[in-house]
Amino acid sequence: MTLPAIRPAQAGDAEALMRLRLAYFQSQLALGLLDGLSDVATHVRSATPGLLTSSRARVLIAERDKEIAGYAIASFRVVPGAHKPSVCSIDEVFVSPPCRGIGLARQLVASLLDEATLRKADRTQMRVLSGNLKARALWEQLGFVENVIILEYAGSLPKQDDETLRGGE
């Protein structure tokens, strides 16, 4: 077995990356993600190629024994008026189940943090589902702290008829 390698994703990685991204989104839905897409597969197929060429995104691949075992995606943006305006958002980190527990996620995140430093990001943030205790523990071990709590209504909102929407005119 060769040591895991972290490298930038390339165009030839698109198919394998799409399969892993689909598994990532399915795992998030299984953990309780409420704002899932109605057609995850279509979204993954259409969005992945653009991620590979975007100057505002960084896609990294974890490769083990010549197989893509995991990936991480970060996006970079500026928030005008913010105290720390240059932001790195770690959007997705996923390691295939057979390759978990050997430090690939840690390596991927460390590489993204290096990229954030190179791009002079003022801060790095990420979101994790509250019920994903393993991921939360990893993020905390890596130095991330809870900053904002977002609560989502899990029920269904009452349907509004046309008259309600017009304000009872």
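See the structure above.
Definitions and cut-offs
- Sequence positions are assigned chain by chain, starting from 1 and proceeding in written order.
- In view of the model being predicted, local features appear only for residues whose pLDDT reaches at least 70, and side-chain atom pairs are presented and counted only at 80 or more, with totals across whole chains, interfaces and linings using the full set of residues.
- For side-chain calculations, the full set of non-hydrogen atoms in the structure is used, while hydrogens and water are omitted.
- By definition, any uninterrupted DSSP run of H or I lasting at least four residues is a helix, any uninterrupted run of E lasting at least two residues is a strand, and each is numbered from the N terminus.
- Accessibility here uses a 1.4 Å probe with only protein chains present; expressed as a share of the type maximum, an area under 20% marks a residue as buried, one over 50% as exposed, and anything in between as partly exposed.
- Throughout, a contact is declared for two residues whenever any of their heavy atoms are within 4.5 Å.
- Only the protein chains shown count as cover for residues, and the accessible areas themselves come from Shrake-Rupley with a 1.4 Å probe.
- Strand pairing is defined by DSSP finding a minimum of two bridges between the two strands.
- Interaxial angles span 0 to 180 degrees and are taken between N-to-C directions of axes, which are lines fitted to C-alpha atoms, for helices over the stretch in contact.
- Definition used for salt bridges: Asp or Glu carboxyl oxygen within 4 Å of a side-chain nitrogen of Lys or Arg.
- We call a set of buried Ala, Val, Leu, Ile, Met, Phe, Trp, Tyr and Cys residues a nonpolar core when their side-chain atoms join them within 4.5 Å.

A. Summary view of the overall build of the protein. Tallying secondary structure elements over the protein gives five helices and five strands in all. Starting at the N terminus and ending at the C terminus, the protein contains elements arranged as β-α-α-β-β-β-α-β-α-α. Every one of the 169 residues in the protein was classed for burial, and the buried ones make up 31%. Sequence separation of at least 24 residues holds for 63% of the intrachain contacts in the protein that already meet a minimum separation of 6. Working note: accessible area of the protein is about 11,100 Å², and carbon and sulfur atoms make up 54% of it.

B. Local environment of the sheet that holds strand E4 (residues 86–95). Spatial ordering of the open sheet is given by E1-E2-E3-E4-E5, a layout of five strands whose pairing is mixed. Two strands in the sheet have a free side with no partner beyond their single neighbour: strand E1 (5–8) and strand E5 (123–126). Averaged over neighbouring strand pairs, the angle between their axes works out to 25° when direction is ignored. Strand direction decides the pairing type here: strand E2 (residues 57–64) and strand E3 (residues 67–78), joined by eight bridges, are antiparallel.

C. Broad picture of the pattern of salt bridges. Tallying each qualifying case throughout the model produces six salt bridges. Glu 146 is the salt-bridge partner of Arg 136, the closest N and O atoms lying 3.4 Å from each other. One end of the pair, Arg 136, is in helix H4 (residues 133–141); the other, Glu 146, is in the loop between H4 and helix H5 (162–165), and ten residues separate them in sequence. Classification of Arg 136 by relative accessible area gives partly exposed; the value is 24%. One salt-bridge network, held together by shared partners, links Arg 7, Asp 13 and Glu 63.

D. Structural detail: the nonpolar core. Ranked by size, the top nonpolar core spans 21 residues in total, and within it Ile 90 and Trp 139 carry the most contacts. For this core, the elements supplying multiple residues, two or more each, are E2, E3, E4, helix H3 (104–118) and H4. Among the elements that make up this core, the one with the highest residue count is H3 (six residues). For Trp 139, the residues in contact, after removing those within four places along its chain, are Ile 90, Val 93, Val 109, Met 126, Val 128 and Phe 144. Grouped together as the second largest cluster of nonpolar side chains are 16 residues, Ala 16, Phe 25, Ile 68 and Tyr 71 included.

E. Highlighting the pairing of E3. Count of turn residues in the E2/E3 antiparallel hairpin: two residues, of which Asp 65 carries a positive phi of about 55°. Bridge count for E3 against E4 is nine bridges, and the pairing is antiparallel. Looking at E4, one finds that Phe 76 is bridged to Cys 88.

Shape is all these values report; function is a separate question.
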